[in-house]
Amino acid sequence: MQDRKPLYRKILAWALCLMLLVGLMLYAMYALFTGIMEHQIYLFCRTKLDYSLNGGEAITSSVKNVHEQIYSDSRVFRLSNYDSVEASELLSGLKQMTAYRKSNAWIDSIYVYNALGETVYVSSGNAPYSLYKLQDFYDVSARELIENHRNYSFMQPVFRQVTVAYPKYETVNLVSFIRYDTLEPSERGDIVMINVRQEDFLKEFALSFRGVPATFTLIDREGTAFLPDEEGVLFSDYSQRPVIRDVLQNQDKKYLITRVDGKKQIVCWENFFSDQYLLVVSASCSSFYDLLNLQERTYLFVGLAVGGSVMLGLLFLLSKRLLAVFNKQKQQILQAEEQQRKDAQQKQRQVYLKFLNEGVGSRDILCQEFPDTFGNWRVLLFSIDRYRSCFLVEHATNSEQSLLKYGICNILEELLQPFGAVFCVYENDGTIAAICSTEQMGQDVLAWQRLKEVLRQVKQSLEVSLSVFVSDVYNNFYGSAVQYAALRDMLPYQQLLSGQSVCWSRELEERESKADLGYPETEAREIVLELMNGRFSQAALKIQAFFSLLTACSYNLYRKYLMQFIIDLDDALQKFLSNNAIGNGRAFDMQVFQLSTLETAEDIVKELQQIMARLQEAYEQKRGARQDMISLSVKELLDQNYQDPGYSLADVAPAVGMSAAYLGRLFKKQMNQSVAEYLVSVRIGNARRLLEETDLPIREISEQVGFQDITYFYRIFKNANGIPPAQYRMNQRGIREEEGE
């Protein structure tokens, strides 16, 4: 029994530890679960809040559109701005007001105030009459708004109550939108007020919260509620309610977590109506738990440990799934709208491309859209410079590339409007075609300047460089396909031009017709000669001049001569690397042959200049390493033979296989001192060592370190150390004695 007691104690200790560990794990998982659910509730409320804001903005926008229509309607204008109105005009204006009211399901009534006659024209289902004097107007709060309209912002929503007796006696809650002339002093005294019933207004907010345990409130910055409270009272003071009080104290935030009557509340809010109001949404965590039956599952989780952990994970996934469903529905709506827009754009684009590629055969396609096709025209073909290596194209997906081309096309269409552009359309290869009127483009010089400005603005807006090819003038609009095809044949010339170029088709045609002057062999030999002699900077300059000649040729001759130059350059490069024992020749060889894959002659010149710079670096490194090795060999020889009084540069030079003069210059360049100066420093250093460590006479030390003349030794030693040898020995011994004491 005594042997079993320690075992029981161990089992009990392990059981207690295990229970403690399980308890800590359950507490941690419960805390994690609670935090996750609170975050999901917040995201849920935020989504609902966004839906509600969109509904309120939809009503506001709709009312604003009606305001715009009323202000542009001459029949209503006569009601609001004339001293007297004939009966027919009055009837027409009132009918038009009624038509505007009924055209919008949210509008309850429309008031038009004529300040000249102090008359209010009414279109409302609650008004027995359509014409009132201001002092007799039944809507008292509206009368006060009209009299004090300058106290309210333009189109500011005003929440108010009005008591009506027709068709029955009742109190109506309204949201009024006032529009008036904002000039001071006002030249027009008219005021238009559109009223929306609050219950209709609130439907857009309440729709998102139907069946959801969350409440919403609309308050101003002082805490006054602009929605009826539980008893139907408007303009109640909510500032002392716990949730609203916390919101007012933390307006700079977007949400908070608080407790009301011991229950945790998640509150989020957003500005509404230009920061005048706050739309506050609050949700009780416990209500959401009850909605999802989480309480029982939590007890089950506590009782079953691991099973509860699995259930917690499932609940978390369920919450994520619910939110994902809402987000997916919203995303599907947005995607459907976007797809409709893209389909319409793509259909129109195909029509334009068919016209450009088929010409007269597609004449009927555009004859209705562009009936006026008389005059002179030009085709403009824009192309992205370095299209394949453009960062925005190379690192973008197909959809992103299409979006980029569409953006460029839209900007060009806007910028080409002063040119009388008929349309602007993009091809899949990154080119954008446009047809413009010659009369509005101007003559060649003016057109060139204006096109340059267009290219500059595109570069500034999208950071994309374009070049443009301009066709000859033609007068048959439906024959644009011929000019377009000719311009596309000239696209390869973009490789020979610098970025943001304006190219005229007749200039390129003249270049094609020029006689072949042959390969510039003299200039190519000069480049090879500079390379073989290690004059890389001169070679880079001559390369630039060489390519100036190549780019003046036709495109076919340019490609032919470019390949010949690459072969000549590669042969010279291999010889240079071999003669100078520079490794990594294969890498240089690959760089040279990749030149033909670059998009423009300008890129090829830059790459060749970089190759010259890398060659110069490798050449100098190789030469520097050899010079360092020679200097080290000289130092070793001097360190070994310093005791020989006659040892000098003339003895060192044969040992390293170089002339004395060249070796002396090389050593001084590497070590910043001559061979003789270094030899003297070695001898003086060894003399100091012998003076410190031995009692040898100074004359004997002088001879051991390579000095034949004792007087010369004294002078050199004093110049190097500031004191004679004997004084130096005494000072060093005194220092050692002090250290020994």
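A brief structural summary. Position numbers for residues start from 1 in each chain and track the written sequence from start to end. Note on the predicted model: pLDDT of at least 70 is required for a residue's local features to be given, and 80 or more for side-chain atom pairs to be given and counted; whole-chain, interface and lining totals, by contrast, use all residues. To get the side-chain values, all heavy atoms of the structure are used, and hydrogens and water are removed first.

All of the buried residues along helix 16 (residues 505-513) are Ser-505, Leu-508 and Arg-511. Summarising the axial view, the buried residues of helix 16 lie within an arc of 120°, below the 170-degree limit, and thus occupy one face. In this description, contact between two residues means that some pair of their heavy atoms is separated by no more than 4.5 Å. Strands are runs of DSSP state E lasting at least 2 residues, helices are runs of H or I lasting at least 4, and numbering of each runs from the N terminus. Next to the buried residues of helix 16 lie strand 14 (466-470), helix 15 (480-489) and strand 15 (502-504). Exposure classes here rest on a 1.4 Å probe applied to the protein chains alone. A residue is buried below 20% of its type maximum, exposed above 50%, and partly exposed in between. Arc definition: directions from the helix axis to the C-beta atoms.

Criterion for a salt bridge: a side-chain nitrogen of Lys or Arg within 4 Å of a carboxyl oxygen of Asp or Glu. Under the definition given, this model contains 11 salt bridges. One salt bridge in this structure joins Glu-526 and Lys-542, with 3.6 Å as the shortest N-O distance. Taken together, the residues span a long stretch of sequence, with Glu-526 in helix 17 (residues 521-532) and Lys-542 in helix 18 (residues 536-550) at a distance of 16 residues. When the shortest N-O distance is used, the salt bridge between Arg-689 and Glu-693 registers 3.9 Å. Taken as a pair, Arg-689 and Glu-693 lie in helix 24 (residues 675-693) at a separation of 4 residues, close to a single helical turn. Salt bridges sharing partners connect three or more residues here, namely Asp-108, Glu-170 and Arg-197.

Attention shifts here to the nonpolar core. One broad trend across soluble globular proteins is that nonpolar side chains are buried collectively. By convention a nonpolar core is built from buried Ala, Val, Leu, Ile, Met, Phe, Trp, Tyr and Cys residues, the set being connected through side-chain atoms within 4.5 Å. By size, the foremost hydrophobic cluster in this structure holds 60 residues, and its most contacted members are Ile-435, Phe-469, Phe-547, Phe-565, Leu-608, Met-612 and Leu-615. At 12 residues, the largest contribution of residues to this core is made by helix 19 (residues 555-579). Dropping the residues within four chain positions of it, Ile-435 is found in contact with Phe-355, Leu-356, Trp-377, Arg-378, Val-379, Gly-420, Ala-421, Val-422, Phe-423, Tyr-474, Phe-477 and Ser-480. One finds Cys-45, Ile-110, Phe-159 and Ile-266 within the second-largest nonpolar core, a separate group that totals 38 residues.

Another point: the environment of Asn-327. Among the secondary structure elements, Asn-327 is positioned in helix 9 (residues 306-358). By relative accessible area, which is 40% here, Asn-327 ends up partly exposed. As a C-alpha pair, Asn-327 and Phe-44 span 283 residues in sequence and 9.8 Å in three-dimensional space.

Turning our eyes to something else, we now look at the pairing of strand 4 (residues 157-164). Counting buried positions along strand 4 gives 6 out of 8 residues, so the element sits mostly inside the fold. Note: strand 4 against strand 5 (residues 170-180), 8 bridges, orientation antiparallel. Bridge pairing in strand 5 places Phe-159 opposite Val-175. By the convention used here, strands pair only if DSSP detects at least 2 bridges between them. Between strand 4 and the antiparallel strand that follows it, strand 5, lie 5 residues.

Further remarks concern the packing of helix 22 (residues 649-656) against helix 23 (residues 660-671). Note on method: axes are straight lines fitted to C-alpha atoms, helices fitted across the in-contact stretch only, with angles between N-to-C directions ranging 0 to 180 degrees. Contact geometry for helix 22 and helix 23: axes closest at 9 Å, N-to-C directions at 95°. Between helix 22 and helix 23, the crossing angle belongs to the class labelled roughly perpendicular. Of the residues in helix 23, those touching helix 22 at Leu-649, Val-652, Ala-653 and Val-656 are Ala-660, Leu-663 and Gly-664. Looking at the contact of helix 22 with helix 23 residue by residue, the classes come out as 6 nonpolar, 1 polar and no charged. Any angle that falls under 35 degrees is termed roughly parallel, while one over 145 is termed roughly antiparallel, one within 65 to 115 roughly perpendicular, and all others oblique. In this classification, the charged set is Asp, Glu, Lys and Arg, the nonpolar set is Ala, Val, Leu, Ile, Met, Phe, Trp, Tyr, Cys and Pro, and all remaining amino acids, among them Gly, are polar.

With that settled, consider the packing of aromatic side chains. Any Phe, Tyr or Trp ring, taking Trp's six-membered ring, that has another such ring centre within 6.5 Å forms a pair; planes under 30 degrees apart are called stacked, those over 60 apart edge-to-face, and the others tilted. Here the structure, examined in full by the defined rule, presents 16 aromatic pairs. Between Phe-713 and Tyr-714, the aromatic rings sit 6.3 Å apart at their centres with planes inclined by 75°, giving edge-to-face as the arrangement. We classify Phe-713 as buried; its relative accessible area is 1%. By relative accessible area, which is 33% here, Tyr-714 ends up partly exposed. Judged by centre distance (5.8 Å) and plane angle (45°), the rings of Phe-713 and Phe-717 are tilted. With a gap of 4 residues between them, Phe-713 and Phe-717 both fall in helix 26 (residues 710-721), about one helical turn apart. Assigned by exposure class, Phe-713 and Phe-717 land together as buried. What links up through ring pairs into an aromatic cluster is the set Phe-707, Tyr-712, Phe-713, Tyr-714, Phe-717 and Tyr-728. The ring of Tyr-71 carries Arg-179 above its face, with NZ or CZ at 4.5 Å from the centroid. Any Lys NZ or Arg CZ found within 6 Å of a ring centre and within 35 degrees of that ring's normal is scored as a charge over the ring.

A separate point is the sheet that holds strand 1 (residues 107-114). The 6 strands lie next to each other as 3-2-1-6-5-4, forming an open sheet whose pairing is antiparallel. What marks the edges here is a single partner per strand, and that holds for strand 3 (131-133) and strand 4. Each strand of the sheet is rotated relative to its neighbour by a mean of 30°, with strand direction disregarded. Examined bridge by bridge, strand 1 and strand 2 (residues 119-124) share 6 bridges and lie antiparallel to one another. Bridge assignment links Ser-109 to a residue of strand 2, and that residue is Ser-124. Across the face of the sheet, helix 3 (residues 87-102) comes into contact with strand 1 and strand 2 while running at roughly 45° to strand 2. Packing against the sheet, helix 4 (residues 140-147) makes contact with strand 1, strand 2, strand 4, strand 5 and strand 6 (191-197), and its axis sits at approximately 140° to strand 4.

With that settled, consider unusual backbone geometry. Although it is not a glycine, Glu-118 adopts a positive phi angle of roughly 50°. Here Glu-118 lies in the loop between strand 1 and strand 2. In this structure Glu-118 comes out as partly exposed when scored by relative accessible area, which is 43%.

Turning our eyes to something else, we now look at the side chain of Glu-427. In this fold, Glu-427 is placed in the loop between strand 12 (423-426) and strand 13 (431-437). The charge count includes Lys and Arg as positive and Asp and Glu as negative, but it does not include His or the ends of the chains. Here Glu-427 occupies a buried position and makes no salt bridge, while the nearest side chain of opposite charge, Arg-488, is found at 4.4 Å. Here Tyr-484 takes part through its side chain, which lies 2.6 Å from a polar atom of the side chain of Glu-427. Leaving out residues up to four positions away in the same chain, Glu-427 has contacts with Arg-349, Leu-353, Asn-357, Lys-405, Tyr-484 and Arg-488. Here a polar contact is recorded for every N or O atom pair within 3.5 Å, except that within protein the pair must consist of a potential hydrogen donor and a potential acceptor, and residues adjacent in sequence are included only if both atoms are side-chain atoms.

What the 5 strands build is an open sheet, ordered 12-13-11-14-15; its pairing is mixed. Either end of the sheet is taken by a strand with one partner, and the two such strands are strand 12 and strand 15. Strand after strand, the sheet turns through a mean of 20° between neighbouring axes, direction not considered. Bridge count for strand 11 (residues 377-384) against strand 14 is 5 bridges, and the pairing is antiparallel. Following the sheet pairing, Leu-380 is matched in strand 14 by Val-470. Taken strand by strand, helix 14 (residues 444-462) contacts strand 11, strand 14 and strand 15, and its axis lies near 145° from that of strand 15. Helix 16 rests against strand 14 and strand 15 of the sheet, and its axis sits at about 65° to strand 15.

A few words now on the layout of surface pockets. Here a cavity denotes a set of grid points, spaced 1 Å apart and computed over the protein atoms alone, in which a 1.4 Å probe fits but from which it cannot get out, and a pocket denotes an open set meeting protein on both sides within 12 Å along at least five of seven lines; residues with an atom within 4 Å of a point are reported as lining. Grid points are joined across faces, edges and corners, and a volume is the space filled by probe spheres set on the points. Within this model, the largest pocket holds a volume of roughly 470 Å³. Along the wall of the largest pocket there are 24 residues; nearest its centre are Gln-345, Gln-346, Arg-349, Tyr-406 and Tyr-426. Of all the elements in the fold, those that place two or more residues in the lining of the largest pocket are helix 9, helix 12 (398-415) and strand 12. Classifying every residue of the lining of the largest pocket by side-chain character gives 10 nonpolar, 7 polar and 7 charged.

Read these as spatial facts, not as claims about activity.
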